[in-house]
Amino acid sequence: MIQMQGVYKTYRNGVTALNGLDVQIDQGEFVYVVGPSGAGKSTFTKLIYREEKPTNGTVFINDINTSTMKQRRIPMLRRQIGVVYQDFRLLPTLTVYENVAFALEVIEEDTANIRRRVMDVLDQVHLKNKARFLPDELSGGEQQRVSIARAMVNHPKILIADEPTGNLDPDTSWEIMHILEEINTGGTTVLMATHSREIVNTIRKRVIAIEDGMIVRDQAQGDYGYEM
Ligand code: ADP
Ligand code: ADP
């Protein structure tokens, strides 16, 4: 599903963010990506949705090499991948419903179908009753749930969450984790970059630790592993 072989990434300014990465992640896995700031975690996730290409080595997503794939196939790749950010990135002038519907790849679907798909995914994140709200009328946890709904509305095979609980209080963070677990149980591969020792050590999953652009640890049912 996700396969990287000998991956190096040097940005134009000369900074080497990834320094020889080999990894395989199978469909349906839940993976935490941990490591210090600047270690290369975001770069690693950007290679997956092809916001960046490797300088060297290969990245395969569902057997497609992201470096040699045709430009016109990139939207198709991105539709298989949902992304959730620490700072939510909702459009402030659109309602909850509109934020989610906006992300829907509409291929000649009638309005009733679109409405059903948006409301289904809002139901999944327990926000059906706030469809008409604007983002700033919601708590942080609710905004993050909207952003998860937006990421999931096209039923992607992979969900990437870049510090999804970074701006949330502990109770709200656990809520978000339960939603991510439910999504994973539904078969979606979840990749979550996080600095939360408590979450990683409580909800045990595979842990990939990145330092200086290299995988220094890859553990099934791993722990957070860094001192505070
Ligand atoms: P992390 O997510 O673990 O904090 P990043 O992947 O964001 O790490 O960054 C890894 C290194 O690459 C850092 O030194 C960072 O400054 C650098 N970097 C990240 N993005 C860019 C970019 N677009 N251009 C230049 N350097 C970058
Ligand atoms: P949290 O502590 O989880 O961040 P808040 O105290 O911000 O939650 O919000 C609690 C409830 O009040 C939430 O259900 C949220 O939707 C609602 N709420 C918060 N701010 C507003 C607002 N400006 N307008 C309408 N509802 C709001």
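Residues numbered from 1 in each chain as written. Chains lettered and ligands numbered in written order. Predicted model: local features only at pLDDT ≥ 70, side-chain atom pairs only at ≥ 80, totals over all residues. Heavy atoms only, no water.

**Points about unusual backbone geometry**
- Unlike most non-glycine residues, Phe88 shows phi in positive territory, near 65°.
- With respect to the element layout, Phe88 can be found in the loop between β6 (81-85) and α3 (96-102).
- Accessibility expressed as a relative area gives 9% for Phe88, which makes it buried.
- For Glu163, which is not a glycine, the phi torsion comes out positive at approximately 50°.
- Turning to its location among the elements, Glu163 is positioned in the loop between β7 (158-162) and α6 (170-185). (Helix = DSSP H or I, 4+ residues; strand = E, 2+ residues; numbered from the N terminus. Buried < 20%, exposed > 50% of the residue type's maximum accessible area, 1.4 Å probe, protein only.)

**Brief notes about the pattern of salt bridges**
- On inspection of all chains with the given rule, the structure shows nine salt bridges.
- The shortest N-O distance in the salt bridge between Arg206 and Glu29 comes to 3.0 Å. Residue Arg206 is located in strand β9 (residues 206-211), and its partner Glu29 is located in the loop between β2 (16-25) and β3 (30-34); the two are separated by 177 residues in the primary sequence.
- The shortest N-O distance in the salt bridge between Lys205 and Glu181 comes to 3.6 Å. With a gap of 24 residues between them, Lys205 in the loop between α7 (197-202) and β9 and Glu181 in helix α6 connect regions that are remote in the sequence.
- Since its relative accessible area comes to 18%, Lys205 is described here as buried.
- Via salt bridges that share partners, Glu29, Arg206 and Asp218 belong to a single interconnected network. (Salt bridge = Lys/Arg side-chain N within 4 Å of Asp/Glu carboxyl O.)

**Details of the sheet that holds β3**
- Ordered in space as β6-β7-β8-β3-β9-β10, the six strands form an open sheet in which the pairing is mixed. Both edges of this open sheet fall to β6 and β10 (214-219), since each of them pairs with a single strand only. With direction set aside, neighbouring strand axes in the sheet form an average angle of 15°.
- Bridge count for β3 against strand β8 (residues 189-193) is four bridges, and the pairing is parallel. If you follow Phe30 over to β8, its bridge partner there is Val190.
- Running over the sheet, α6 touches β3, β7 and β8 and is turned about 150° from β8. (Pairing = 2+ DSSP bridges. Axes fitted to C-alpha atoms, helices over the stretch in contact; angles between N-to-C directions. Contact = heavy atoms within 4.5 Å.)

**So, helix α5 (residues 140-152)**
- Over its 13 residues, α5 runs 18 Å from end to end, which matches the ideal 18 Å to within 8%, given 1.5 Å per residue.
- Among the 13 residues that make up α5, twelve are buried, leaving the element largely enclosed by the rest of the structure.
- Tucked inside the fold, the buried residues of α5 contact β6, α3, α4 (111-124), β7 and α6. (Expected span 1.5 Å × (residues − 1).)

Distances and angles like these do not, on their own, reveal function.
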